[in-house]
Amino acid sequence: MRLPDSATVSFGGWMTSPVLDRFPNSNPIPANHHVLTPERVRIKAGGTVNFIVAGFHHVLVYDHGTQPGDINTNLVIAPTGPGNIPPLLINDPNNRIYRGLDPSLHPQDRVEVVQFDRPGLYLVICGFRPHFQEGMYGYVRVIANNRNKNNQD
Ligand SMILES: [Cu+2]
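The structure reproduced in this document is the subject of the present report. This is a predicted model, so every value here is computed, not measured.

## Considerations on the overall build of the protein chain
Moving on, step 1. Helix and strand counts for the protein chain come out as 1 helix and 11 strands.
Moving on, step 2. The order of helices and strands in the protein chain, counted from the N terminus, is β-β-β-β-β-β-β-β-β-β-α-β.
Moving on, step 3. A globule of 153 residues ought to have a C-alpha radius of gyration of about 15 Å, and the protein chain, at 17 Å, matches this closely.
Moving on, step 4. Structurally, the protein chain occupies a C-alpha span of about 55 × 35 × 25 Å along its principal axes.
Moving on, step 5. Considering only intrachain contacts with a sequence separation of at least 6, the fraction spanning at least 24 residues in the protein chain is 70%.
Moving on, step 6. Side chains of the protein chain carry 13 positive and 12 negative charges; the gap between the two charge centres is 7 Å.

So, in structure tokens, the structure goes:
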């Protein structure tokens, strides 16, 4: 089976039941669901994952073998944007290989593209602690690309 070079993960999402009207520019918290869709993706080494972020979320990626129980949720940092948001962004640097943009500084809906060079099983979590504690995390499986590039088709 040919492995994909990239995968797309919806990082949160806006619900449509009940009906949601965000026009002209609103981000109603109760209308967002806090899951990664799909929760697991596979790509080949050197490929990318496109995290399409919808809502107030923080993309954190942890190295091969990290499990959700390994994350120290007592280590937190305050968002740096306006609004006095409480310090609820997980800031455990142990085995963290990617920390995404501070969600308080950007539009809530955005894309972050992350590249994975090494084979392994990577844990991806939402660093906004209440979401992580609800189970907002998933995995990226990166598989060695042993086939000769000239010989792929
Ligand atoms: Cu989140």
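## Some thoughts on the pattern of salt bridges
Moving on, step 1. Under the definition given, this model contains 4 salt bridges.
Moving on, step 2. Residue Arg 110 is joined to Glu 112 by a salt bridge in which the shortest nitrogen-to-oxygen separation is 3.1 Å. Accessibility assignment for this pair places Arg 110 and Glu 112 in one class, buried.

## Considering the coordination of the copper ion
Six octahedral donors at a metal ideally form angles of 90 or 180 degrees, and four tetrahedral donors ideally form angles of 109.5 degrees.
Moving on, step 1. Note on the copper ion: its protein donors are His 57 (ND1), Cys 126 (SG) and His 131 (ND1). The metal-donor distances range over 2.0 to 2.2 Å.
Moving on, step 2. Summarised as a motif, the one-chain spacing of the donors to the copper ion is H-x68-C-x4-H.
Moving on, step 3. For His 131, a relative accessible area of 6% translates into the label buried.

## A word on the side chain of Gln 108
Moving on, step 1. Secondary-structure assignment places Gln 108 in the loop between β8 (96-99) and β9 (110-116).
Moving on, step 2. Of note is the side chain of Gln 108, whose polar atom sits 3.3 Å from the backbone nitrogen of Phe 56.
Moving on, step 3. Apart from residues no more than four positions distant in its own chain, Gln 108 is found in contact with Trp 14, Asn 27, Val 53, Ala 54, Gly 55 and Phe 56.

## A word on the nonpolar core
Moving on, step 1. Counting 22 residues, the largest nonpolar core has Phe 11, Val 49, Phe 51, Phe 116, Val 124 and Val 140 as its most contacted members.
Moving on, step 2. For this core, the secondary-structure elements that each account for two or more residues are β1 (6-14), β3 (40-44), β4 (47-53), β5 (59-62), β9, β10 (120-126) and β11 (137-143).
Moving on, step 3. Beyond its immediate chain neighbours, meaning those up to four positions away, Val 124 contacts Phe 11, Leu 36, Phe 51, Val 59, Leu 60, Val 61, Tyr 137, Gly 138 and Val 140.
Moving on, step 4. Counting 9 residues, the second largest nonpolar core, distinct from the first, contains Leu 60, Ile 71, Leu 121 and Phe 132.

## Here we look at empty space enclosed by the protein
Moving on, step 1. For the structure shown, the criterion picks out 1 cavity of 30 Å³ or more.
Moving on, step 2. The volume enclosed by the largest cavity comes to roughly 30 Å³.
Moving on, step 3. Val 9, Leu 36, Pro 38, Glu 39, Val 41, Phe 51, Val 124, Gly 138, Tyr 139 and Val 140 together form the lining of the largest cavity.

Reading the values: the criteria
In every chain, residue numbers begin from 1 and rise along the written sequence. Given that the model is predicted, a residue must reach a pLDDT of at least 70 before its local features are reported, and side-chain atom pairs must reach 80 or more before they are shown or counted; all residues, however, enter totals for whole chains, interfaces and linings. Excluded from the side-chain calculations are hydrogens and water; all other atoms, namely the structure's heavy atoms, are used. Secondary structure elements follow DSSP: runs of H or I no shorter than four residues count as helices, runs of E no shorter than two count as strands, and numbering proceeds from the N terminus. With C-alpha atoms as the basis for the radius of gyration, the globule rule is written as 2.2 Å multiplied by the number of residues raised to the power 0.38. The contact criterion used is simple: two residues touch if any of their non-hydrogen atoms lie within 4.5 Å. For the purpose of charge, His is not counted, nor are the chain termini; Lys and Arg are scored as positive and Asp and Glu as negative. Here the site of a charge means NZ on Lys, CZ on Arg, CG on Asp, or CD on Glu. By salt bridge we mean one thing: a side-chain nitrogen of Lys or Arg within 4 Å of a carboxyl oxygen of Asp or Glu. Throughout this description, buried means an accessible area under 20% of the type-specific maximum (1.4 Å probe, protein chains only), exposed means over 50%, and partly exposed covers the range between. For Na, K and Ca the donor cutoff is 3.2 Å, while for all other metals N, O and S atoms count as donors only within 2.8 Å; water does not appear among the atoms, so some sites may look incomplete. Here a polar contact is recorded for every N or O atom pair within 3.5 Å, except that within protein the pair must consist of a potential hydrogen donor and a potential acceptor, and residues adjacent in sequence are included only if both atoms are side-chain atoms. Only buried Ala, Val, Leu, Ile, Met, Phe, Trp, Tyr and Cys residues count toward a nonpolar core, and they belong to the same one when joined by side-chain atoms within 4.5 Å. In this analysis a 1.4 Å probe is tested at points of a 1 Å grid over the protein atoms alone, and where it fits but cannot get out there is a cavity; an open set with protein on both sides within 12 Å along at least five of seven lines is a pocket; lining residues have an atom within 4 Å of a point. Grid points are joined across faces, edges and corners, and a volume is the space filled by probe spheres set on the points.

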